[in-house]
Structures are given as structure tokens and as C-alpha cells.
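This is what each chain is made of:
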Amino acid sequence: MSFVLKSEKESPKDPLLQEDLERFTDIKEIPFDQLSGKTVLVTGATGLIGSFLVKALACANRKLDTRIQIYALARSQKKAQKVFGSLLDREDIHLLYADVAEGGALEAISCKADYVIHGASTTSSKYFVSNPVETIHTAIQGTVNVLEYAKRVQAKGVLYLSSLEVYGTPAPDAGLIDESYSGYIDPMQVRSSYSEGKRMAECICASYALEYQVPVKVARLSQTFGAGVDYEDGRVFAEFARCALEKKDIVLHTAGKTVRSYCYMLDAASALFLILLKGENGGAYNVTNMDTKISIADMAKLVCNTFPEAGIQVVFDQPKDVSSFGYNPEMVITMDSKKLMSLGWKPTVGLSEMFIRLAKSMSGQKCDMSEGKRF
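Criteria and thresholds
Residues numbered from 1 in each chain as written. Predicted model: local features only at pLDDT ≥ 70, side-chain atom pairs only at ≥ 80, totals over all residues. Heavy atoms only, no water. Pairing = 2+ DSSP bridges. Helix = DSSP H or I, 4+ residues; strand = E, 2+ residues; numbered from the N terminus. Axes fitted to C-alpha atoms, helices over the stretch in contact; angles between N-to-C directions. Contact = heavy atoms within 4.5 Å. Disulfide = S-S within 2.5 Å. Buried < 20%, exposed > 50% of the residue type's maximum accessible area, 1.4 Å probe, protein only. Expected span 1.5 Å × (residues − 1). Right-handed = clockwise from strand over helix to strand, strands pointing away. Parallel < 35°, antiparallel > 145°, perpendicular 65-115°, else oblique. Left-handed = near helix turned anticlockwise from the far one by under 90°. Nonpolar A, V, L, I, M, F, W, Y, C, P; charged D, E, K, R; others polar. Salt bridge = Lys/Arg side-chain N within 4 Å of Asp/Glu carboxyl O.

Peer 1: Help me understand the sheet that holds strand β10 (residues 259-264), please; the structure alone is not making it clear to me.
Peer 2: Consider a sheet: its strands pair through backbone hydrogen bonds, and that pairing is either parallel or antiparallel. Taken together, the three strands give an open sheet; going across it, the order is β8-β10-β12, and neighbouring strands pair in mixed fashion. Across the chains shown, the open sheet's two edge strands, defined by having one partner strand only, are β8 (223-225) and β12 (289-295). Put simply, the sheet's adjacent strands are angled 40° from each other on average, direction ignored. Here β10 runs beside β12; their pairing, made up of three bridges, is antiparallel. Looking at the pairing, V259 lines up with S295 of β12. The strands that helix α9 (residues 265-278) touches are β8 and β10; relative to β10, the one it contacts most, it runs at about 80°.

Structure (C-alpha cells):
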């Protein structure tokens, strides 16, 4: 199918995000020729990662003439309008509205996708606790529906976006955690609805790969952020950046001893396409920047030091019962990304720069929300 693209950029209101999208098309390790002229379906298309992938493919079309037909599956038309704006008028982007976990959600889709990226998932820790049944249902039934669709259309490649949470709570002496590791998860804790849901979804992927030869791969993402994060996002990285922008102290409700590593959105996007196009069918890959390993408390201090003009500090306010916050158990989890790096991937953005770019991107959103008033 041929189409004529408008010259409009993919993120005209967020220059930081637009810069990352442009940089994505310059990554030599990504075999864009494999995507040329193909159809790609992205579920969870209005989420942080899904929306970046949709815009990145659109940017590749404009800059590299890859002629990719992009089908973006979302639940909310209102959110899609907010996230994509005038991009929805482009001939290479097609919005589909459905709940991926509902019966028959993908049966009516007429497009025959060559590649499928399944990113639809709940992401709020509080939601995992308040709606554990729905969290599990989305993970399991949504994945089954996507894989049934991929099997029906004989997709060339499928990528499931999983999480570091499949590793549960690692043993204290676990060291670097590779893809063969399995930590402890208490199935009787409703907070485990997300972790156990992701584990089962991964098993479903492996089973479809073996029994039906669906070419599915799994990406286990560490916490991922960067330009394009919504100002009202409730995750810890957004909370910290928002505190710096609003010049409010960072209040921690735990001792902040949990240690993990992170990944910049642009780096994660390049990893995902390398896994999709070069990864082993039925295999899993850790996606993280190992150089960003840090505790929550130290990350809060890093944000304070990165933005000294904000004049903020870290305050510890630990209530007796923090279960309603949906926090994970305290742990040290250091993911090993060497398997991913064997595909030609390498991270490019460190933690301080991640927060600087995140804050600048969020600041622009706040400026729009405040009718042009800057901090």
C-alpha cells in the first residue's frame, strides 16, 4: 500500500521527545529494511512505551521512507487523541479501539500484521492492589488473544513486553540476574497479581512458540522513562521529577533501600526492535542499563542534586502500614543485559541525563497546562 506523508513532525509540542524519535531513526543496529513495507500492530498504543514505538515507526516512515503501515490498538479514543493529536490524520497510522483482554477483541481486526508488539498492560501499583483480578485478566487473557491473532495471520514476529517483576524477590546473594533466574513471589499477596500475571503470560508465550510455532519473543523491561512521560504519571520517576519542577521536597514512605536499574525510553525502544527482529523465538531478554543501578533513596538524592535550583531535599515519612501504596517488597535486583547486548544493543543515556530530559519534557507539558506560565 502506498501513501503520501505530511511533513509534520511526530511530536511538535515536545522537542525533547521529537529529538529522541529522530535519533531512533539513526540507530544503525536496527534492521529497518526488515520493516520496510510491512504492517506492524502495537497494543497498549497510548501507554508510555507503546506511544513511543508508534511515533518512532511514524518517524522512520517520514525520514527513511520505510512505508510501514502502523496499527495502534487502544482502549480510549479520548486518550488516543491526546497522545497522538494530528498524527491520527496521517495515512500510515490506523487507530483501533478495543480492550485487548475482552473476548473477540482482535477477531474483527482486518489487517494482517507482519509484526505484533504486545504492550497492553496495567502499570499502576495501586491498581494492582485495588483491582488484582482485572490485572491478572488483562495479563493472561490479553496475551492469549494477541497470540491467537498472531497465529491466525501467521505473523513474522511477535514481541511481548514483560517486566523485571517476573524475578520476584531475589535472594540476597543473587548477584547479576540473567534470564534463567527465578526469584520468590508470594502468590497469596494481591500485589503479586502483576508479577504472577506477567510470569504466566511469559509461559503462554513460550507455549505458543513451542506448540504452534508462533515466533514470539519476550522483553523483560526494567523501569523505563524519558521524554514523553505524562506530567500526571504516578510512577516513582515521574513523582521525583515533578517534585523538582514544583520545588517540593521528595517524600519517601519507605526507607528507600530497594535497588534496581533503569532504562531510557529511546534505549529501550532500540532494544525492543532488535529483540523483535533479531531475537530467538521463545526466548526472553533483559532490557536495562546496568550502569544505572541505584537505590530509591539514592535516586531521590540524585534528583535533588541534579536540580539544585529547586532547593529540595529528601524527607522520610514512613507510615505503619504501606500496603495500600502497592509497593514491592524491599529488594536488590540487578538485571544482566549481556544477552541483549549480544544482539548489538548498547545503552546511550545515563541516569542523570534521563532525569534532565524527563524534567524538560514534563516542564513543557506543565507550561501548556498553566497557559504559558513557566516555573
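There is more to say, and it comes next.
Peer 1: In this structure, what is going on with the state of the cysteines? I would like to understand it.
Peer 2: Put plainly, two cysteines are in a disulfide when a covalent bond ties their sulfur atoms together. This structure, assessed with the given rule, holds zero disulfides. The thiol of C205 is unpaired, and the distance to the nearest cysteine sulfur, on C203, comes to 9.3 Å. Residue C304 stays outside any disulfide, its sulfur separated by 8.3 Å from that of C243, the closest cysteine. Given a relative accessible area of 9%, C304 falls into the buried group.

Peer 1: Would you explain α9 in this entry?
Peer 2: Counted at 1.5 Å a residue, the expected span for α9 with its 14 residues is 20 Å, and the 20 Å between its end C-alpha atoms agrees. For α9, the tally of buried residues reaches 13 of 14 residues, placing the bulk of the element in the interior.

Peer 1: What am I meant to see in the pairing of strand β1 (residues 39-43) here?
Peer 2: In regular strands, side chains alternate between the two faces of the sheet. In terms of burial, β1 is largely enclosed, as five of its five residues are buried. Taken together, the five bridges between β1 and strand β2 (residues 69-74) define a ladder with parallel strand orientation. Considered in β2, the bridge of V42 is made with A72. At this point the chain moves from β1, through helix α3 (residues 48-64), to the parallel β2, and the crossover so formed is right-handed.

Peer 1: Would you take a moment to explain the packing of helix α6 (residues 132-153) against helix α7 (residues 192-212) for this structure?
Peer 2: Any two packed helices are characterised by how steeply their axes cross, that is the angle between the axes, and by the distance between the axes. Between α6 and α7, the shortest axis-to-axis distance is 9 Å and the interhelical angle comes to 15°. One element, α6, and the other, α7, form an angle in the roughly parallel class. As for the relative orientation of α6 and α7, their crossing is right-handed in sense. Contacts from P132, T135, I136, A139, I140, T143, V144, L147, E148 and K151 in α6 reach S193, Y194, G197, K198, M200, A201, I204, C205, Y208 and Y212 in α7. Grouping the constituent residues of the contact of α6 with α7 by class yields 13 nonpolar, four polar and three charged.

Peer 1: What am I meant to see in unusual backbone geometry here?
Peer 2: Residues apart from glycine generally show negative phi values, whereas peptide bonds are mostly found in trans. Backbone geometry at D65 places phi at a positive 55°, although glycine is not the residue there. By the secondary structure assignment, D65 is in the loop between α3 and β2. The backbone of Q154 sits at a positive phi, close to 55°, despite the residue not being glycine. If you trace the backbone, Q154 turns up in the loop between α6 and β5 (157-163).

Peer 1: Would you mind going over the sheet that holds β1 with me for this structure?
Peer 2: Strand order in this open sheet of seven strands is β3-β2-β1-β4-β5-β7-β11, and the pairing throughout is parallel. The open sheet terminates on both sides in strands that have one partner only, identified here as β3 (93-97) and β11 (284-287). The sheet shows a mean angle of 20° between the axes of neighbouring strands, taken without regard to direction. Judged from the four bridges that link them, β1 and strand β4 (residues 115-118) form a sheet pairing that is parallel. Looking across to β4, one finds that L41 is bridged to V116. Taken strand by strand, α6 contacts β1, β4, β5 and β7 (216-221), and its axis lies near 180° from that of β4. Its contacts with the sheet place α7 against β5 and β7, and it is angled at close to 160° to β5.

Peer 1: For this particular structure, what's the right way to read the pairing of β10?
Peer 2: Burial runs high along β10: six of the six residues are buried. Where β8 lies against β10, three bridges are found, and the strand directions are parallel. Within β10, the position partnered with T224 by the bridge is C263.

Peer 1: Just to check I follow, could you spell out the pattern of salt bridges for this structure?
Peer 2: A side chain of one charge can pair with a side chain of the opposite charge if their charged atoms are brought near each other. Inspection of every chain in the model, using the stated rule, returns 18 salt bridges. Ionic pairing is found between E19 and R357, a salt bridge with its closest N-O pair at 3.4 Å. With E19 in helix α1 (residues 15-24) and R357 in helix α12 (residues 351-369), this residue pair connects regions lying 338 residues apart in the sequence. Salt bridges here are not isolated pairs; linked through shared partners, they connect E10, E22, D26, R62, K63, R90 and D92.

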